[in-house]
Amino acid sequence: MTTTTPEETTTAEETIAGARERIDVLDDRIIGLIQERMAVSAVVQQTRIAAGGRRVNLSREMEILGRYREALGKPGTTLAMTLLELCRGRI
């Protein structure tokens, strides 16, 4: 039977707590970047519509899906779809 000493437990707990704090900071940054992306996307959509174009550019969306899929695998496609929906709304 393997047991851990109080020092090892504290170190593990401290490591986990520190990592979770870092994750929270990263999540805050990711949320901020998504909000920034949404604002930039709104400018693109408004400008495209004002110029007589469509709200959505499907070929551009396919490029984005491909980029996320290439970088992150299949879950990247799901993530990209969620980002696109947040930024342009449902089609």
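Everything that follows concerns the structure shown earlier in this document.
What comes next is a walk through the structure. All values reported here derive from a predicted model rather than from experimental measurement.

1. Topic: the packing of helix H2 (residues 58-72) against helix H3 (residues 74-88)
Packed helix pairs are specified by the crossing angle of their axes together with the interaxial distance, meaning the distance between the axes.
Part 1 of the argument: Where H2 meets H3, the axes come as close as 7 Å, and the angle between the chain directions of the two elements is 145 degrees. Like other packed secondary-structure pairs, H2 and H3 cross with a definite hand, here right-handed. Here H2 contributes Glu-61, Ile-64, Leu-65, Tyr-68, Arg-69 and Leu-72 to the contact with H3, which in turn contributes Lys-74, Pro-75, Gly-76, Thr-77, Leu-79, Ala-80, Met-81, Leu-83, Leu-84 and Arg-88.
Part 2 of the argument: Split into classes, the residues belonging to the contact of H2 with H3 amount to 10 nonpolar, two polar and four charged.

2. Some remarks on the environment of Leu-83
Part 1 of the argument: Along the chain, Leu-83 falls in helix H3.
Part 2 of the argument: The exposure class of Leu-83 is buried, given its relative accessible area of 7%.
Part 3 of the argument: The spatial distance from the C-alpha of Leu-83 to the C-alpha of Arg-69 is 13 Å, given a sequence separation of 14 residues.
Part 4 of the argument: In this view, Leu-83 contacts Ile-34, Arg-37 and Tyr-68; residues no more than four positions away in its chain are not counted.

Thresholds applied
Residues numbered from 1 in each chain as written. Predicted model: local features only at pLDDT ≥ 70, side-chain atom pairs only at ≥ 80, totals over all residues. Heavy atoms only, no water. Axes fitted to C-alpha atoms, helices over the stretch in contact; angles between N-to-C directions. Helix = DSSP H or I, 4+ residues; strand = E, 2+ residues; numbered from the N terminus. Left-handed = near helix turned anticlockwise from the far one by under 90°. Contact = heavy atoms within 4.5 Å. Nonpolar A, V, L, I, M, F, W, Y, C, P; charged D, E, K, R; others polar. Buried < 20%, exposed > 50% of the residue type's maximum accessible area, 1.4 Å probe, protein only.

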